[in-house]
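# A closer look at the structure
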Amino acid sequence: MLHTWVIIPVSLAYLGVLFAIAYWGDQRADRGRSIIANPYIYSLSLGVYATAWTFYGSVGRAAADGVGFLPIYLGPTLMMALWWLVIRKIIRISKANRITSLADFISSRYGKSALLAGLVTIIAVIGVVPYIALQLKAISHSFTILAQYPDVVLPAQRVAPPVQADTAFWLALVLATFTILFGTRHLDASERHEGLVAAIAFESLVKLVAFLAVGVFVTWGIYHGLPDIFERAAAHAKLAPLLAPLGGPAGSYASWAWLTVLSMLAIMFLPRQFQIAVVENVNENHLGKAIWLFPLYMLAMNLFVVPVAFGGVLHFSGAGVDPDTFVLTLPMAEKQEALALLVFLGGLSAATGMVIVETIALSTMVCNDLVMPVLLRMKSMRLAERRNLTGLLLGIRRGAIVAVVLLGYLYFRLAGEAYALVAIGLISFAAVAQFAPATIGGIYWKGATRAGALAGLAAGFVVWLHTLLLPSFAKSGWLPIGYLQDGPFGIALLRPYALFGLEGLNDITHAMLWSMVANIGCYVAVSVLSRQSVAEQTQAARFVDVFRRTGGALDAHPWKGTASLPDLKALLARFLGPERAEAAVIDYAGRRGYGSPDDVPADAGLVHFAETELAGAIGGASARIMVASTVHEDALSVDEVRTMLDEASQVIAYSHELTQKSQALIAATNELRAANERLQELDRLKDDFISTVTHELRTPLTSIRAFSEILHDNPELDAAEREKFLTIVIQESERLTRLINQVLDLAKLESGRAEWQVARIDLKAVIEDSIVTTGQLFRARNVALESRLPADLPFVHADRDRVVQVLINLLSNAAKFVLADAGHVVVALSRRPGALRVDVIDNGPGIAAADQQVIFEKFRQAGDTMTEKPRGTGLGLPISRQIIEHLGGRLWVTSRPGKGATFSFELPVADAAAVAAAAATHRT
Amino acid sequence: MGKKILIADDEPNIVVSLEFLMKQKGYEVRVVNDGEAALAAVGDFGPDLILLDVMMPRVSGYDVCQKIRENPAWQGIRIIMLSAKGRDIEVTRGMAVGADAYVTKPFSTKDLIDKVRTMLGE
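The structure contained in this document is the topic of the report that follows. Bear in mind the structure is a predicted one, so any value in this text is a computation, not a measurement.

## Here's the deal with the overall build of chain B
- For chain B, the helix and strand inventory stands at 5 helices and 5 strands.
- A fraction of 59% describes how many contacts in chain B between residues 6 or more apart in sequence connect residues 24 or more apart.

Here you go:
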């Protein structure tokens, strides 16, 4: 038996645990050892998104729509991918400007407009109160059901108990107390509540464990695993259609898409999500982990939704059990006492987490953006004369918390019975989605104006009221149902579910479509048409360019007037308390580099600092009013601001230019270093070349000198010997001349200064000429020279003399290297695609593979060069290769040692070569 | 009894001139065209002096010189290095591996003969 005397103590004990965790977290935070400064706690605390609505409601929706519940969780998962861009920017802006709520954020962006802050607060409160009611309803229902254990009896509809006997009422009071204790312990300038976040993270764990436990129990305890459930569902008349893809009961693709967009916006703009994701964020790097951890949490939370829904329908078939209660009633029907209690606690944690965070966020807004601005303007309150306002502020906060929770309870009593859980949640989602254009536009579009934001928000809110909230009232019977069926005042065109005749969409899709059209349309159109004030321009730049700001000199505050340090300090003391105000000023003086706080000049920087500090406590709009009333401000003309901004932007431009110049300098230095290295390399190569050339020149010179001296010193030499020595002198002189000519030739070729006379030439005729020229060499060594030159070959484009030079070089090499008398050399001409090919084939000793590249290097000769003949210069082949390559062809050797060598080259035929050769001629 | 001179050079015409000059002065002459042959000739010919070219195939003049100096039996052999490479670094290297003199090509025949005579103690 689970009597109320069991459930209530267990629930209170659970709340006691939460108290303990929150208290411990606050103690640790006070001692500077934060327990929430890690990405896992941050990700878990984001799980406050999953409320009682998720816990009980998604099973209800799955039972009715199949996968229709999914977009609510797909949206946040998709949005997480964008978080790194969007939320990181919002967090950065919020930290820099001490922003503590969504209303504060939007109003700060648009010139700290109190009107805008108030509007956002009103929309948030009206939009979210039904959602709080939903949580109270969920807990009180589940309590009532559980108290009937083991009978599954649903609470009677529409028979509310008297208030003092209503569990929901007492629950509301307990939650308000908890929220006051941990949400308003002191006035923190940053509005952060570490203990609370730790408790919320713990609640996220509890509800996940409870839901998974039910899922596992239903799937494997009642049925035989997932296949079993799905097989039974497929055979069930009511469930089978749910297994169909989209377009069936799960809704059209359009409504799926809209629901996904809606929940993408909700995860960012629900006040509790903004509170946890932005205000309570300790370190923006935690986002990196949250981006995948949070979707993982959502996935785990949704894993068993469909099995539990199907299991419930199968189990209670026709028994009239509300699918929203399946999570609780299934364990009860199976007499699982402990599990039922755990589920109740899970639902309790989901609901309490949401109510607590949502209430804190709303109370901050109500206090800072609704109550304070009004109080500050009421002269009769004489607020300006009270020395310490911290007590008043806390009082307002606490009052706001109780008021919001009780509003939720009121809504629950009046309207809560009319709607299923999911429908109420979606109405809230649609309300907060109205914040999206002004917020996202505000951080990316500098041109957006306060008037635009006001117009967009108001238009979207009115459409939302008309198409979602008022119809829900009509359904609850507070408004004549004719409002729904015939339109207000009987105007059919304005029917809430078919605005301007748009029919065929479900209510949420329809409302989102029209409210977004109105909201974005007005926001953009009015922004374009209206002008920004000075304050708006400053704030717009501060928000949009938050990542570019590095503080310091660039953080100019356009402000002109006279202020005094004692006045500003007194102002801070009234809202923050004297000690905290003193500490803040000392800290500021330290950062600005002043030894004593009394030395701080009362300039624009100090005024801005005071305003930011104050904004943390009472919101940007109220802070603006307070500072303006304390210091004497001169109105800034647009021109003056422009001058200030111009100066700042000149500094930015100058520093940008400097950065660019120094980068260019580094680049230039690198290029110079590389060029220097190249030059040094070239210098080394030139040194080597000269050393080699010198060596090659000295060798013949040595013989010439030696024999000249011998001939000179020995007049008695016989004629034969004299003849022999003189021949050597002549040979070596010729070698010297040839060497000098070739070195010069190569230098000319390599530097590109060679003269080229490129024309259409007949390669056959050129080869025949070269054979005649080298004929004597072959005859002298008795080497056979055979030519295979077919007729009717096309002309090539080349320099005739240069080709002759190459041919003579190849032919004389062949003549030199084959054996005298036994040598045989063939010159063959053949046609190749687009080219003519010449082969000089000899039956000499051949060239080893290792030497086949070496012979084309300067002054390198293969193998044993000690032959009887005068040695080559070692430049013939390098020069030949240069020439052929310049003419667009290639020169190479194929050889196997002992099998002779074949030197070949190809030259492009005239037609194909015309273009290349023309270009080559042009180059030279 | 004439002293023995080994000529090691791969440039045929230079060899012809050196051979003529040395024979004219009454020395017994052996000619080799690469480093390997030079080392072999040191063993079986037993020269008193070597005219050693640096840039030779297979084994360079530097290596030949070093090998000779490593053998205690050949310490008495005088070595004159001949080279068309006349940079300081090359001269220094030649002296470092144990040459007695380093002569750059082209050389004066008279100076070379004087140097040979002096070294052979004549």
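## Some words on the environment of L746 of chain A
All names here are of chain A.
- Topologically, L746 is positioned in helix α28 (residues 719-751).
- Sequence spacing of L746 and I883 is 137 residues, and the spatial spacing of their C-alpha atoms is 9.6 Å.
- Sequence-distant contacts of L746, defined by excluding residues within four places in its chain, comprise L875, P878 and I879.

## Some points on the nonpolar core
- The biggest cluster of nonpolar side chains holds 210 residues, and the ones touching the most others in it are V120, V214, F269 and A430 of chain A.
- At 23 residues, helix α15 (residues 337-377) of chain A tops the list of elements feeding residues into this core.
- Ranked by size, the runner-up nonpolar core spans 41 residues in total, among them I704 and I710 of chain A together with A8 and I68 of chain B.

## Regarding the interface of chain B and chain A
- Contacts between the two partners involve 17 residues from chain B, matched on the other side by 17 residues from chain A.
- Here the element with the most residues in the side of chain B that touches chain A is helix α1 (residues 12-24) of chain B; it accounts for 6 residues.
- Here the residues of the side of chain B that touches chain A sort into 8 nonpolar, 4 polar and 5 charged.

## Side note on the environment of I879 of chain A
Residue and element names in this part refer to chain A.
- Along the chain, I879 turns up in helix α32 (residues 876-886).
- Among the residues examined, I879 registers 21 C-beta atoms within 10 Å and is labelled buried.
- The residues contacting I879, other than those within four sequence positions of it, are Q742, D745, L746 and L749.

## What about the sheet that holds strand β2 (residues 28-32) of chain B?
All names here are of chain B.
- Taken together, 5 strands build an open sheet; the order of strands is β2-β1-β3-β4-β5 and the sheet is parallel. With one partner strand each, in any of the chains shown, β2 and β5 (101-104) form the two edges of the open sheet. Taking each pair of neighbouring strands and ignoring which way they run, the sheet shows an average axis angle of 20°.
- Packed on one face of the sheet, α1 meets β1 (4-8), β2 and β3 (49-53) and runs near 165° to β2.

## Describing helix α25 (residues 604-618) of chain A
All names here are of chain A.
- For α25, spanning 15 residues, the distance from its first C-alpha to its last is 20 Å, which sits close to the expected 21 Å at 1.5 Å a residue.
- Counting buried residues in α25 gives 11 out of 15 residues, a clear majority hidden from the surface.
- Within α25 the residues assigned to the buried category are L606, V607, F609, A610, E611, E613, L614, A615, G616, A617 and I618.
- Once α25 ends, the next one or two residues include G619, with phi positive near 90°.

## Notes on helix α6 (residues 114-147) of chain A
All names here are of chain A.
- For α6, with 34 residues, the first-to-last C-alpha span of 48 Å sits near the 50 Å given by 1.5 Å per residue.
- The sharpest bend along α6 measures roughly 30° and falls at V128, with the proline P130 sitting one to four residues further on.
- The buried count for α6 comes to 29 of 34 residues, which makes it a mostly enclosed element.

Scoring rules and cut-offs
- Residues numbered from 1 in each chain as written.
- Chains lettered and ligands numbered in written order.
- Predicted model: local features only at pLDDT ≥ 70, side-chain atom pairs only at ≥ 80, totals over all residues.
- Helix = DSSP H or I, 4+ residues; strand = E, 2+ residues; numbered from the N terminus.
- Contact = placed C-beta atoms within 7 Å.
- Core = buried A, V, L, I, M, F, W, Y, C linked by C-beta atoms within 7 Å.
- Buried ≥ 20, exposed ≤ 12 C-beta atoms within 10 Å, placed from the backbone.
- Nonpolar A, V, L, I, M, F, W, Y, C, P; charged D, E, K, R; others polar.
- Pairing = 2+ DSSP bridges.
- Axes fitted to C-alpha atoms, helices over the stretch in contact; angles between N-to-C directions.
- Expected span 1.5 Å × (residues − 1).
- Bend = angle between axes of the 7 residues up to and from the residue.

Such coordinate-based values are descriptive only and should not be taken to indicate function.
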